[in-house]
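So the chains spell out like this:
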Amino acid sequence: MPKFAQLASRLSTRGWLVAGGATIGGILVIYLFMHMISAPSYSTLMTGIEPAQTGKMTAALSAKGIPYELQNNGTALAVQSNMVAQARIALASAGMLGDGSQPGFSLFEKTSLGESSFQQQVTYQRALQGQLEQTIDQIQGVSGSQVELVLPSPQSQVFAESQQPSSAAVLLTTAGALEPSAVRGIAHLVASSVPGLKLSQVTITEGSGQLLWPTQGSEGGEGGEADSIQAAQTHYDQQTAAGLEAMLAQTLGPGKAQIQVYANLNLNKTTEEQLKYGKKGVPLQESKNLETLTGNGSGVSNGTGTATIPTYATTSGGKSNYKHEVTNTTLGVEKTVLHNTVAPGAVTSEHVSVLLDNSVPASALPAVKEAITNAAGIEPKRGDTLSIGRMAFAKTPTASASSTSSMLGYAKDVLLGIAAIVFLFFTTRFLRKREREQIDHEPIWLSELEMPVPLSELERETASSAPEPELVASGSPARQRVEELAASSPDTVAKQLSSWMKES
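If you're wondering where the values come from, they're calculated on a predicted model, not measured in any experiment.

A. Spatial organisation of the overall build of the protein chain. The secondary structure content of the protein chain amounts to 13 helices and 12 strands. With 504 residues in all, the protein chain has 22% of them scored as buried. Counted over contacts in the protein chain with a minimum sequence separation of 6, partners at least 24 positions apart contribute 68%. Summed over all atoms, the accessible surface of the protein chain reaches about 34900 Å², with 57% contributed by carbon and sulfur.

B. View of the packing of helix α5 (residues 117-136) against helix α6 (residues 180-193). Following both chains from N to C, one finds α5 and α6 inclined at 155°, their axes separated by 11 Å at the closest point. Considered as vectors, α5 and α6 are oriented roughly antiparallel to each other. As for how α5 packs across α6, the hand of that crossing is right-handed. Of the residues in α6, those in contact with Leu-128, Leu-132, Thr-135 and Ile-136 of α5 are Ile-186, Leu-189, Val-190 and Ser-193. Here the contact of α5 with α6 is built from residues that sort into six nonpolar, two polar and no charged.

C. How the structure looks around the side chain of Glu-133. Here Glu-133 is to be found in helix α5. Side-chain polar atoms of Glu-133 contact the backbone nitrogen of Val-147, separated by 3.1 Å.

D. Looking closely at the sheet that holds strand β1 (residues 42-46). Pairing is antiparallel in the open sheet, where three strands are placed in the order β1-β3-β2. Sheet topology places β1 and β2 (68-71) at the edges, where each strand pairs with a single neighbour. Put simply, the sheet's adjacent strands are angled 35° from each other on average, direction ignored. The pairing of β1 with strand β3 (residues 76-80) spans four bridges and is antiparallel. If you follow Met-46 over to β3, its bridge partner there is Leu-77. Against the sheet, helix α3 (residues 51-63) engages β1, β2 and β3, with an angle of about 165° to β2. Taken strand by strand, helix α4 (residues 84-93) contacts β1 and β3, and its axis lies near 25° from that of β1.

E. Fine view of the pairing of β3. Among the five residues of β3, five are classified as buried, and the element is accordingly described as predominantly covered. The loop that links β2 with its antiparallel partner β3 comprises four residues; one of these, Asn-72, has a positive phi angle of about 55°.

F. Representation of the sheet that holds strand β6 (residues 202-206). Within the open sheet, the four strands sit side by side as β4-β5-β6-β7. Their pairing is mixed. In this open sheet, the two edge strands, each paired with only one partner strand, are β4 (142-150) and β7 (211-213). Neighbour to neighbour, the strand axes of the sheet diverge by 25° on average, direction disregarded. Relative to β7, β6 runs antiparallel, the two being bridged by two bridges.

G. Structural detail: helix α8 (residues 365-376). Across its 12 residues, α8 extends 16 Å between first and last C-alpha, which sits within 8% of the 16 Å expected from 1.5 Å per residue. Every buried residue of α8 is accounted for by Val-368, Ile-372 and Ala-376. For α8, the angular spread of buried residues about the axis comes to 40°, placing them on one side. Opposite its buried face, α8 presents the exposed residues Pro-366, Glu-370 and Asn-374, each directed more than 90 degrees away. Remark: Gly-377 follows α8 within two positions and exhibits a positive phi of approximately 70°.

H. Highlighting the packing of α3 against α4. Two elements in contact, α3 and α4, have axes separated by 9 Å at closest approach and are oriented at 115°. Between α3 and α4 lies a crossing of right-handed hand. Note on element contacts: α4 touches α3 through Ala-87, Ala-90 and Leu-91, opposite Met-57, Ala-60 and Leu-61. Considering only residue class, the contact of α3 with α4 consists of six nonpolar, no polar and no charged.

I. Spatial organisation of α3. Taking 1.5 Å per residue as the helical rise, α3 with its 13 residues ought to reach 18 Å, and the 19 Å between its terminal C-alpha atoms agrees with that figure. The set of residues buried in α3 consists of Gln-53, Thr-54, Met-57, Thr-58, Ala-60 and Leu-61. The arc that holds the buried residues of α3, viewed along the axis, is 160°, so those residues lie on one side. Along α3, exposed side chains directed more than 90 degrees from the buried face belong to Ala-52 and Ala-63. Where the residues of α3 are buried, they touch β1, β2, β3 and α4. Gly-65 lies just past α3 and shows a positive phi near 75°.

J. Region of interest: unusual backbone geometry. Going from Trp-213 to Pro-214, the amide bond is cis rather than trans, its omega being 0°. With respect to the helices and strands, Pro-214 occurs in the loop between β7 and α7 (224-251).

K. Summary view of the pattern of salt bridges. Going through the model one piece at a time under the given rule, you end up with two salt bridges. The residue Glu-350 makes a salt bridge to Arg-382 at a minimum N-O spacing of 4.0 Å. Linking Glu-350 in strand β11 (residues 346-357) with Arg-382 in the loop between α8 and β12 (385-391), this pair joins segments that are 32 residues apart in sequence. We classify Glu-350 as buried; its relative accessible area is 1%. Here Arg-382 makes a salt bridge to Asp-384, at a shortest N to O gap of 2.4 Å. For Arg-382, a relative accessible area of 27% puts it in the partly exposed group. Counted as one network, the salt bridges with shared partners bring together Glu-350, Arg-382 and Asp-384.

Thresholds applied
Residues numbered from 1 in each chain as written. Predicted model: local features only at pLDDT ≥ 70, side-chain atom pairs only at ≥ 80, totals over all residues. Heavy atoms only, no water. Helix = DSSP H or I, 4+ residues; strand = E, 2+ residues; numbered from the N terminus. Buried < 20%, exposed > 50% of the residue type's maximum accessible area, 1.4 Å probe, protein only. Contact = heavy atoms within 4.5 Å. Areas by Shrake-Rupley, 256 points an atom, 1.4 Å probe, with all protein chains shown as cover. Axes fitted to C-alpha atoms, helices over the stretch in contact; angles between N-to-C directions. Parallel < 35°, antiparallel > 145°, perpendicular 65-115°, else oblique. Left-handed = near helix turned anticlockwise from the far one by under 90°. Nonpolar A, V, L, I, M, F, W, Y, C, P; charged D, E, K, R; others polar. Polar contact = N/O pair within 3.5 Å; in protein donor to acceptor, adjacent residues only side chain to side chain. Pairing = 2+ DSSP bridges. Expected span 1.5 Å × (residues − 1). Arc of directions from axis to C-beta. Salt bridge = Lys/Arg side-chain N within 4 Å of Asp/Glu carboxyl O.

If you want it as structure tokens, here you go:
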């Protein structure tokens, strides 16, 4: 503590100003940092709140001690991020969790017999919108939603030609970034909840205005099927070209070839059926029919006036013997029915363009052509083409040069840092030395006098600690310091001088 007091007494007015400014700046920085850390983050709990319900909701949250914040001119309510669950429970206990959005099918509890068909249609639309909002709000990551439906009127449903399609627009307020699977799930949820609503007629937008659905390549996007085909072909082209370039880099060297692939894929999903029969049948059912007849060759009366069956076979004695046997057999033919689903993605045509550097010798072109043909699966009968050209490539820095430049950059940064440290060290040392020189020439012993001190004792202390400073011209800082001390404490100076005079 005495050292601090001694240092404080040696500071000049400018030093006190600098120290005070630095202290105040440090305090402000610490305060702002602590304020930013301790400031609570708010998450939007509900949107589209009716102004009449805002006061009730804030009162319910205040009663539970939950901090809140009003947004969007009072139509949205936000609470601290770590108290969203408590806020939902508090509003649900007060029966106001669903009051911020449109009510659900509870609207039909207050219907009247005199409602027209138009009023019933509007009530149904409002109820469906509110029910969808309550369902979407339960999805993780969604803090609020607003659903707008456009349903066809009953008059347009009478005639199919004038029937209007249904559509839906969903506005989401999210606590963070939603996963694409969650957005797709919301789109399917809305489309399956509204009769006659197609997935392509659902639009999902974030509170910032970003379109979340439909997206490029999604089943609900414009030209979704065409976009998916184009994306698949682009992916195949890039993957094939990268593989071919890597193969040539192993033989020709890196940066010696550039390859472009343009392929047409058959992405139609087809089903193939095949029927095979066995060579040998298997008996499934068999029946036999046997007829026999014997006679003497003449017609014999049977007592009914009709003749008997004539003889077909006779013997030497004139007698007949007839026998007829029929066998019916049903055979089961062995057969095999195959149902195969042909996976999409077959290449119907492919065009490969290879550009080589001039450093590649012309004698290597046949080998390169053969390698590309085999690796890419080029089939001229299918209509595939392969073109190879040569031109001078731009020189690229080698790995050693880039590493050397990076090392030089690091060395430069290190040297700059060392130079800055050395500069600060010598600057600080110079300032301290200058401060000590100023302190040594000032009569500090005179400012520390609290009572008369004998001259002999003062001389001994001064001689042991430092040489006695001598007063110089009238404009010197030491003389000004003595004059200021004499003006501020004349009694002390007078007593000291009187004591010295008595000693002498």
